[in-house]
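Listed below, chain by chain, are the residues.
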Amino acid sequence: TDDALTAIINLDLPGATISRHVYGHFAEHLGRCIYGGFWVGEDSEIPNEGGIRLDVVEALKALSIPNLRWPGGCFADDYHWRDGIGPREDRPRMVNSHWGDVVEDNSFGTHEFMQLCEMLGADPYVNGNVGSGTVQEMSEWVEYLTRGDESPMATLRRANGRDEPWRVPFFGIGNEAWGCGGNMTADSYAALARQYGTYVRNHGDNVVYKIAAGANVDDYRWTETLMKELNCLGCTRQPAGFFQGLSLHYYTHSGAWETKGSATDFDTDDYYATMRNARRIEELVAGHAAVMDCYDPQRRVGLVVDEWGTWFDVEPGTNPGFLYQQNTLRDALVASVHFDVFHAFADRISMANIAQTVNVLQAMVLTDPDTGALVLTPSYHVFAMNVGHHDASTLAVSLKGELPTREVAGGELSLVSASASTTDTSALVSLSNLDAGHARTIVLDLRGRDVTEFSARVLTAPTLQTHNTPQAPDAVAPAAHDGVRAHARGLEVDLPAHSYVTVSLALA
Ligand code: AHR
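- Where an unreviewed UniProt entry is consulted, the protein chain appears under the name non-reducing end alpha-L-arabinofuranosidase, with the organism given as Serinibacter arcticus.
- Check the Catalytic activity (unreviewed entry) section of the UniProt entry for the protein chain; it says "Hydrolysis of terminal non-reducing alpha-L-arabinofuranoside residues in alpha-L-arabinosides."

Set out below in structure tokens:
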């Protein structure tokens, strides 16, 4: 009928490119992300190369992860890179005061991180220290990393065993300057960012995409101040201004910051509250993008959502400063709706980094601290199902007909989310049914190109709380989906309750 839930997609009207970098990741010196997660040391019984876990690398390579942000987060503004180079036994120790107040021995430093990126085939996104570091320190780190000739820092790098410079395409000028990165005002940070950013230089042919520390949640004033002060529209020497990206951080909780809720022990109301908070990313991206449009109508500055994802209570019995949480089908749906927004705003969002890759917050993989066993999370599977969106062109999706909604905390939660992209010969459609209890059918009204073949995958589970463990590693795993049929308008797709479905199309 005309009222049928329908997604209209014009396959012949490709929009902006969805940068593969929106599928980026984040690894901080926090809890068991680096230590135990990525890094086990060369003497570990866990198979490793130069101390880096091979199973974690293999799992992430299968996602084609495009970039990895490091060393923080809040840790970045406490980190002094010279502590993490040279013989490991000589490296000074420090206290990781943000995360668990534990002693950091700096055994994972610059060379180890760059080796990890090389093993992953991912671009490094190094986050510099503005909060407690110096301009010289930041400048020399970039020189150490990227300079090829006989400069002082290149010579030091060679003395530490690395001849060739690395390529560092992304560099962050501090982190959360409004909070753990220095408790600054937008104006004071803008002044520092101009100064620090000046000395983050392009050495040789390494061109750095500089990312200014942007707003938290809906702090549009922060974005406005930075766009005004830093974008430098009139500059002739630096056509794109003082920086190329501006970050945004937004975490999804079940309740408020003070009542984040359990990662696994939640009821249906908690679930819907979480999804409502997750879907707020659309309002936030639209809001920050609108502010950016005023100062950068040509959209040369990218919005970099370099921390996003769920933040729940830590698992009982684990260190509260380590932010270790399980990951259920609910987390997968939080991820899928974020990507729908990132795809829709492809003309403004240049990068996004889920927090964090291993053992922290909304992780891709969890490793058992006792046995070392590795588990892929439901969120991992959303990233895997979406690889086809990397660098594809976004396609607008218009939902019409009977759009299911639900009242949540005085607001309306839309229960279906969708996005799509295309290459020359294919298209990928992503469909999330957020309804906890009802399956739905959606018509894909496919216009403009002929579809020659189609196939689909589904990610769902008996309950929203279902999660993967070493004992049940595939409790939530994608499967082939046979609930797709030809329809007069294109295709008809069954969406099980609480499910994520991707439909792949071959185009004539
Ligand atoms: O991802 C955990 C922390 O969240 C980061 O260190 C910080 O930037 C943010 O507040």
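So, the overall build of the protein chain
- For the protein chain, the count of helices and strands is nine helices and 27 strands.
- Taking 508 residues into account, the globule formula puts the C-alpha radius of gyration at 23 Å, and the protein chain, at 23 Å, falls close to it.
- Scored against the burial criterion, the 508 residues of the protein chain give a buried share of 51%.
- Across the protein chain, every contact between residues at least 6 apart in sequence was considered, and the portion connecting residues at least 24 apart equals 75%.

A short note on the sheet that holds strand 27 (residues 499-507)
- Within the open sheet, the six strands sit side by side as 16-20-21-27-23-24. Their pairing is antiparallel. Since the sheet does not close on itself, it has two edges, and those belong to strand 16 (393-395) and strand 24 (479-480), each with one partner.
- Two strands pair when backbone bridges link them, and strand 16 and strand 20 (residues 416-422) are joined in this way by three bridges, in the antiparallel orientation. Residue pairing across strands places Leu-395 opposite Ala-420, the latter belonging to strand 20.
- Sheet strands in contact with helix 8 (residues 329-344) are strand 16, strand 20, strand 21 (426-433), strand 23 (451-459) and strand 27, and its direction is about 50 degrees off that of strand 20.
- In this fold helix 9 (residues 378-385) packs onto strand 23 and strand 27, with an angle of close to 170 degrees to the strand it touches most, strand 23.

Some words on the site of the ligand
- Residues in contact with the ligand, as listed here, are Glu-28, Gly-72, Gly-73, Cys-74, Asn-175, Glu-176, Glu-307, Ala-355, Gln-356 and Leu-361.
- A breakdown of the residues in the shell around the ligand according to their chemical character gives three nonpolar, four polar and three charged.

A short note on the UniProt feature "domain: Alpha-L-arabinofuranosidase C-terminal" (unreviewed entry) in the protein chain
- UniProt feature "domain: Alpha-L-arabinofuranosidase C-terminal" (unreviewed entry): in the numbering of this structure it lies at residues 306-499.
- Counted over residues 306-499, helix gives 12% and strand 40%. Its end C-alpha atoms are 26 Å apart.

A word on the packing of helix 5 (residues 186-198) against helix 6 (residues 220-230)
- Where helix 5 contacts helix 6, the axes come no closer than 9 Å and their chain directions differ by 35 degrees. Helix-helix and strand crossings are classified by hand; for helix 5 and helix 6 the assignment is right-handed. Between helix 5 and helix 6, the residues in contact are Ala-186, Asp-187, Ala-190, Ala-193 and Arg-194 and Arg-221, Trp-222, Thr-225, Leu-226, Glu-229 and Leu-230, respectively.
- Looking at the contact of helix 5 with helix 6 residue by residue, the classes come out as six nonpolar, one polar and four charged.

Describing the pairing of strand 10 (residues 209-216)
- Burial analysis of strand 10 places seven of its eight residues in the buried class, the great majority of the element.
- In this structure, strand 9 (residues 170-173) lies alongside strand 10, joined through four bridges in parallel fashion. Each residue of the ladder has a partner; that of Phe-170, found in strand 10, is Tyr-209.

Things to note about helix 8
- Given a rise of 1.5 Å per residue, 16 residues ought to cover 22 Å, and the 23 Å separating the end C-alpha atoms of helix 8 matches this to within 8%.
- Among the 16 residues of helix 8, 16 are classified as buried, and the element is accordingly described as predominantly covered.

Some details on the sheet that holds strand 9
- Taken in spatial order, the eight strands of this closed barrel run 2-5-8-9-10-11-12-13, and their pairing is parallel. Taken over all neighbouring pairs, the strand axes of this sheet differ in orientation by 30 degrees on average, direction set aside.
- The sheet contact formed by strand 2 (residues 24-26) and strand 13 (residues 349-355) spans three bridges and is parallel. Note on strand 13: the bridge partner recorded for His-25 is Ile-354.

Structural notes on the environment of Arg-157
- For Arg-157, the location among the structural elements is in helix 4 (residues 152-159).
- Note: C-alpha distance between Arg-157 and Tyr-500 (343 residues apart in sequence) is 46 Å.
- Arg-157 has contacts with Tyr-144 and Arg-162, leaving out every residue within four places of it along the chain.

Quick look at the nonpolar core
- With 149 residues, the main nonpolar core has Val-365 and Leu-444 as its most contacted residues.
- Each of domain 1 (6-11 + 404-507) and domain 2 (20-391) gives at least three residues to this core.
- Aside from chain neighbours lying at most four places away, what touches Val-365 is Val-56, Ala-59, Val-358, Leu-374, Val-375, Leu-376, Thr-377 and Tyr-380.

Overview of the domain arrangement of the protein chain
- Split by domain assignment, the protein chain resolves into domain 1 (6-11 + 404-507) and domain 2 (20-391).
- Placing the centre of domain 1 and that of domain 2 at their C-alpha centroids yields a distance of 29 Å.
- Contacts between the two partners involve 33 residues from domain 1 and, on the opposite side, 36 residues from domain 2.
- The set of elements that each furnish at least two residues to the side of domain 1 that touches domain 2 consists of strand 18 (405-408), strand 19 (411-414), strand 20, strand 21, strand 23 and strand 27.
- At four residues, strand 20 tops the list of elements feeding residues into the side of domain 1 that touches domain 2.
- Each residue belonging to the side of domain 1 that touches domain 2 can be placed in one class, and the counts come to 16 nonpolar, 15 polar and two charged.

Brief notes about the environment of Arg-330
- Examined against the element boundaries, Arg-330 turns out to sit in helix 8.
- The exposure class of Arg-330 is buried, given the 31 C-beta atoms found within 10 Å.
- It is 9.2 Å that separates the C-alpha atoms of Arg-330 and His-467, two residues lying 137 residues apart in sequence.

Thoughts on unusual backbone geometry
- Residue Trp-70 is joined to Pro-71 through a cis peptide bond whose omega torsion reads 5 degrees.
- Mapped onto the elements, Pro-71 comes out in the loop between strand 5 (67-70) and strand 6 (94-96).
- Despite not being glycine, Leu-361 has its phi angle at roughly 50 degrees, a positive value.
- With respect to the element layout, Leu-361 can be found in the loop between strand 13 and strand 14 (365-367).

Some thoughts on the packing of helix 3 (residues 135-146) against helix 4
- Where helix 3 contacts helix 4, the axes come no closer than 8 Å and their chain directions differ by 55 degrees. Looking at the two axes, helix 3 sits oblique to helix 4. Between helix 3 and helix 4 the crossing geometry is right-handed. Mapping the contact onto sequence places Glu-140, Glu-143 and Tyr-144 in helix 3 and Met-153, Leu-156 and Arg-157 in helix 4.
- The residue makeup of the contact of helix 3 with helix 4, split by class, is three nonpolar, no polar and three charged.

Conventions adopted
Residues numbered from 1 in each chain as written. Predicted model: local features only at pLDDT ≥ 70, side-chain atom pairs only at ≥ 80, totals over all residues. UniProt positions renumbered as here; feature names shortened; annotations may be inferred. Helix = DSSP H or I, 4+ residues; strand = E, 2+ residues; numbered from the N terminus. Rg over C-alpha atoms; globule rule 2.2 N^0.38 Å. Buried ≥ 20, exposed ≤ 12 C-beta atoms within 10 Å, placed from the backbone. Contact = placed C-beta atoms within 7 Å. Pairing = 2+ DSSP bridges. Axes fitted to C-alpha atoms, helices over the stretch in contact; angles between N-to-C directions. Near = placed C-beta within 6 Å. Nonpolar A, V, L, I, M, F, W, Y, C, P; charged D, E, K, R; others polar. Left-handed = near helix turned anticlockwise from the far one by under 90°. Expected span 1.5 Å × (residues − 1). Core = buried A, V, L, I, M, F, W, Y, C linked by C-beta atoms within 7 Å. Domains from an automatic or database assignment. Parallel < 35°, antiparallel > 145°, perpendicular 65-115°, else oblique.

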